[in-house]
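# Chain and residue survey
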Amino acid sequence: MKVKNILVSQPQPLDFEKSPYGEIARKFNVNITFRKFFKIEGITAKDFRKDRINLLDYSAVIFTSRNAVDHYFRICKEMRLDVPETMKYFSISESTAYYLQKYVQFRKRKIFHSKENAANLIELIKKHKTEKFLLPCSDIHKMEIPKMLEDNKITYKKAVIYRTLASDLSDLRITDYDLLVFFSPSGIKSLFKNFPEFVQGDIAIGAFGSTTQKAVHDAGLTLTVNAPTESAPSMTMAIDQFLQCEAKKK
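Note that this is a predicted model, so its numbers are computed, not measured.

## Structural notes on the pairing of strand β1 (residues 5-8)
For a regular strand, side-chain orientation follows a simple rule: the groups alternate between the two sheet faces. Across four bridges, the pairing between β1 and strand β2 (residues 31-34) is parallel. Looking at the pairing, isoleucine 6 lines up with isoleucine 32 of β2. Handedness of the crossover joining β1 and β2 through helix α1 (residues 20-28): right-handed.

## A few points about the packing of aromatic side chains
For the structure shown, the criterion picks out 13 aromatic pairs. Ring centres 5.5 Å apart and planes at 90 degrees place the aromatic pair phenylalanine 37 and phenylalanine 182 in the edge-to-face group. With phenylalanine 37 in the loop between β2 and β3 (38-42) and phenylalanine 182 in strand β9 (residues 179-182), this pair connects stretches of sequence that are 145 residues apart. Comparing phenylalanine 37 with phenylalanine 182 shows no difference in burial state: the two are buried. Each ring, one from phenylalanine 90 and one from phenylalanine 133, has its centre 5.3 Å from the other, and the planes form 65 degrees; the classification is edge-to-face. Residue phenylalanine 90 is located in strand β5 (residues 88-91), and its partner phenylalanine 133 is located in strand β7 (residues 133-138); the two are separated by 43 residues in the primary sequence. Members of the aromatic cluster, connected to one another through ring pairs, are Phe63, Tyr72, Phe73, Tyr89 and Tyr103. Taking NZ or CZ as reference, lysine 36 lies 4.4 Å from the ring centre of phenylalanine 38, over its face.

## Comments concerning the sheet that holds β7
Strand order in the open sheet formed by six strands is β3-β8-β7-β4-β5-β6, with mixed pairing between adjacent strands. Each edge of the sheet is formed by a strand with only one pairing partner; in this case those strands are β3 and β6 (111-113). On average, adjacent strands in this sheet sit at an angle of 25 degrees to one another, irrespective of strand direction. Direction of pairing for β7 relative to strand β8 (residues 156-166): parallel, over a ladder of six bridges. Within β8, the position partnered with leucine 134 by the bridge is lysine 157. Along the sheet, helix α3 (residues 66-78) contacts β3, β4 (60-63), β5, β7 and β8; its crossing angle with β8, the most-contacted strand, is approximately 110 degrees. The strands touched by helix α5 (residues 118-126) within the sheet are β4, β5, β6 and β7, with β5 carrying the most contacts at an inclination of about 160 degrees.

## Details of helix α9 (residues 235-249)
Residues lying three or four places apart along an α-helix face the same way, a consequence of the helix completing one turn every 3.6 residues. End to end, α9 covers 22 Å across 15 residues, agreeing with the expected 21 Å (1.5 Å per residue, within 8%). Those residues of α9 not exposed but buried are Met235, Thr236, Ala238, Ile239, Asp240, Phe242, Leu243 and Glu246. Close packing links the buried residues of α9 with β1, α1, β9, β10 (204-208) and β11 (225-227).

## Concerning the side chain of aspartate 178
Within the fold, aspartate 178 resides in the loop between β8 and β9. There is no salt bridge for the buried aspartate 178, and the closest opposite charge comes from lysine 2, which lies 8.4 Å off by N-O distance.

Procedures and definitions
- Residues numbered from 1 in each chain as written.
- Predicted model: local features only at pLDDT ≥ 70, side-chain atom pairs only at ≥ 80, totals over all residues.
- Heavy atoms only, no water.
- Pairing = 2+ DSSP bridges.
- Helix = DSSP H or I, 4+ residues; strand = E, 2+ residues; numbered from the N terminus.
- Right-handed = clockwise from strand over helix to strand, strands pointing away.
- Phe/Tyr/Trp six-rings, centres within 6.5 Å; stacked < 30°, edge-to-face > 60°.
- Buried < 20%, exposed > 50% of the residue type's maximum accessible area, 1.4 Å probe, protein only.
- Lys NZ or Arg CZ within 6 Å of the ring centre and 35° of its normal.
- Axes fitted to C-alpha atoms, helices over the stretch in contact; angles between N-to-C directions.
- Contact = heavy atoms within 4.5 Å.
- Expected span 1.5 Å × (residues − 1).
- Lys, Arg positive; Asp, Glu negative; His and termini not counted.
- Salt bridge = Lys/Arg side-chain N within 4 Å of Asp/Glu carboxyl O.

What follows is the structure, encoded as structure tokens:
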């Protein structure tokens, strides 16, 4: 198949020319369009109160993303709650942990992070089993961490504080693209929300991560480009390898 136009369901890198995507565009003479397929909307304090969750009943918070950090502190502010200095924070990654400095003073004794690995995060949490954990999340979230918490008998509560909504993509002609690249199940959901009559045909589909790949299969689509793999730990590397293979077929 001839690939000329690629649609990536993420915002464009700040410096496209110096990014791996810019290198792909030059190397294979392809056009790459970036468009976020979904948007985040915070749940209001009024709606949150309906869940009858008292945020200060919990002595530790688990953060799986920067969105979770932002909306946790936003909802606390809207509800006029002062988060105690004794609160402990457990983050899925070092970058998310350091992002907490936007809201709290960084102290090693109360901020813990894993190596972008759910299993490693649970091991950290198990060392603090006496805490009551709060898991701020979206209405659409992975079940991996909740399941691990339950399997390890950790006392926790999910708090839905933001929603993941489909972006308006009505200005796009989806059939103009030869390769669609997705990074989350929300992107697949948005695809069919915006284009309910979508038929894959000759369009290649790329997906990063096992949950995204499952969403592709569950939607009845054929997966063409997948990452991470041993030879392609990133999506850009997987796209590069795919385009190289296609070029050899000519």
